[in-house]
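Reading the structure
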Amino acid sequence: MTDYIKTQLDERVRAFESAKEIIDRAQGENRSLDATEQESVDRAMADMDRRKAIVDDMRALAARESEVRAAVADHAEARAVVETAQPVSNDADTIRSLARGEIRSATFEKRDVTKGSTGSPVPTSFYDQVILLARATGPMLSLSTELATAGGENLQIPRLSTYSVGSVNSEAATFGESDPAFSAFITLSAFKYGFLTQVSRELLEDSGVDVLSLLATNCGNALSFVVNTKLTVGTGTVEPTGVSVAASAGVTGGTGVSGAFTYANLVNLAYSADAAARALPGFGYMANGPSIAKMRLLTDTAGNFVFQPSMADSTPDRVLGFPLYENPAMADTATSAVSVLAGHFPSYYVRTVGGIRLDRSDDFAFSADLVTFRCSYRIDGNLPQTSHVKKFTGGAS
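Residues numbered from 1 in each chain as written. Predicted model: local features only at pLDDT ≥ 70, side-chain atom pairs only at ≥ 80, totals over all residues. Heavy atoms only, no water.

**Here's the deal with the packing of aromatic side chains**
What describes a pair of aromatic rings is the distance from one ring centre to the other and the angle between the planes of the rings. By the definition in use, this model includes seven aromatic pairs. R296 extends its terminal NZ or CZ atom over the ring of F307, reaching a point 5.3 Å from the ring centre. (Phe/Tyr/Trp six-rings, centres within 6.5 Å; stacked < 30°, edge-to-face > 60°. Lys NZ or Arg CZ within 6 Å of the ring centre and 35° of its normal.)

**Brief notes about the nonpolar core**
Grouped together as the largest cluster of nonpolar side chains are 30 residues, with contacts concentrated most on L266, Y285, M295, V319 and V340. Secondary structure elements with two or more residues in this core: α1 (2-28), α2 (35-73), α9 (263-270), β8 (283-287), α11 (289-295), β11 (322-326) and β12 (338-344). The biggest single contributor to this core is α1, with five residues. Ranked by size, the runner-up nonpolar core spans 24 residues in total, among them M140, L341, C375 and Y377. (Core = buried A, V, L, I, M, F, W, Y, C linked by side-chain atoms within 4.5 Å. Buried < 20%, exposed > 50% of the residue type's maximum accessible area, 1.4 Å probe, protein only. Helix = DSSP H or I, 4+ residues; strand = E, 2+ residues; numbered from the N terminus.)

**As for the side chain of D47**
Position of D47 relative to the elements: it lies in helix α2. Exposure remark for D47: the relative accessible area of 18% places this residue in the buried category. With near-sequence residues (within four places) excluded, D47 lies in contact with E11 and A15. (Contact = heavy atoms within 4.5 Å.)

**Details of the pattern of salt bridges**
Scanning the entire structure with this criterion turns up 16 salt bridges. Where E29 meets R31, a salt bridge forms, and the shortest distance between an N and an O atom there is 2.4 Å. Put simply, D47 and R51 hold a salt bridge, and the shortest N to O gap is 3.2 Å. One end of the pair, D47, and the other, R51, are both in helix α2, four residues apart, so they sit about a helical turn from each other. Among the residues examined, R51 registers a relative accessible area of 13% and is labelled buried. Among the ionic contacts, a cluster of salt bridges with common partners joins R25, E29, R31 and E37. (Salt bridge = Lys/Arg side-chain N within 4 Å of Asp/Glu carboxyl O.)

**Points about α9**
Among the residues of α9, N265, L266, L269 and A270 are the ones counted as buried. Buried residues of α9, viewed axially, fall in a sector of 125°; they line one side. (Arc of directions from axis to C-beta.)

**Here we look at the sheet that holds strand β6 (residues 191-200)**
Across the sheet, which stays open at both edges, the four strands sit in the order β1-β13-β14-β6 with mixed pairing between neighbours. Because the sheet does not close on itself, it has two edges, and the strands there are β1 (145-149) and β6. Across the sheet, the axes of successive neighbouring strands diverge by a mean angle of 25°, strand direction being ignored. Where β1 and strand β13 (residues 349-365) come together, five bridges link them in parallel fashion. In the sheet register, E146 faces β13, and the bridge partner there is V350. (Pairing = 2+ DSSP bridges. Axes fitted to C-alpha atoms, helices over the stretch in contact; angles between N-to-C directions.)

**Remarks on the environment of A150**
Tracing the chain through its elements places A150 in the loop between β1 and β2 (155-157). Linking A150 and G354, residues 204 residues apart in sequence, is a C-alpha distance of 5.8 Å.

**Re unusual backbone geometry**
Located in the positive-phi region is S336, a residue other than glycine, with phi close to 65°. Along the chain, the position of S336 falls in the loop between β11 and β12. Phi is positive for D369, which is not a glycine, with a value near 55°. The topology assignment puts D369 in the loop between β13 and β14 (370-382). For D369, a relative accessible area of 32% puts it in the partly exposed group.

**A word on the pairing of β11**
With four of its five residues buried, β11 lies for the most part within the structure. Looking at chain direction, β8 and β11 are connected through three bridges and run parallel. Within β11, the position partnered with A287 by the bridge is E326. As paired elements, strand β10 (residues 318-319) and β11 share two bridges and run antiparallel to each other. Paired with R318 across the strands is P323, a residue of β11. The antiparallel hairpin formed by β10 and β11 contains two residues in its connecting segment, where L320 sits at a positive phi of about 55°.

Structural data, given as structure tokens:
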């Protein structure tokens, strides 16, 4: 998988260089792109997007595979299916065991087949995995600082508003007192997110699809998606305070451009953040896909692209030398919309209680003979030091 991802990244770089060469040539000749050149640039940009999506899917697949294995390992019935192959006595039982995933291969007795024979001469093959819909859940859980607790009681975080101030003292003079000042505590609670899903017992027992793995994957994806959204744009009343809500004002865009940002806006946004925060690992830009697409077309005053594609699997793309994190929960560029953040994202604190839970009940819908699965997650988040993350807001129309 690593070699495949590296190949996709190399192809992204080639596509980027080809588009850059065409645009640089047109800029050098002080003219606009002709139709053929524009088509080539669009094709290269689309190829970059496609290969980035492939890389993201491969990375997400590897991460979710470990989550699914962990969830299934905790379930005694699932372990029994995986670890114990029940003995079978005839071909019909063998085919049923193959469909349920209890065995992975079988040898059948050779029989004569003629034109008058009915039914299929060989068993029908069935792939036991469902092809999932690719969906990016977002980076907030991985970029932020996580505080994992066993209980869900309120957790208060102190924060400093001003430092002590030193001053020059003459010989034998009394030192003046200067105490640091504290702001109000940040209180993190534990908002609960979850849902129920029910599966017939017949489907669990008879289906060739690995239903338990599918449910575990769907549970993790569904909860991670809604949690990332709330950690990004939550209002803080009956949900977490999202990072784009808690961030302090950095730059407001120009008027009459429908909320679009410029090269100068991005530069000023990064340097509006606290200098100490800007020097910390984890400082970067955050935006959604459509906004990132606009960044990829921006150039500085010398005609250089501000976007630089990643050259390695483990590192993100960069803008103006800072890492760029894609978050689908961020707003599109629009008037008065917060479409770009620049800051030290580990300064955002996320409080979790117990992690994602996947529970099973055979009694909840006993009368209908349905097995009920419950997915739940308790979480909260806030930004104690708002000067560490700054936001770009689209200008008025």
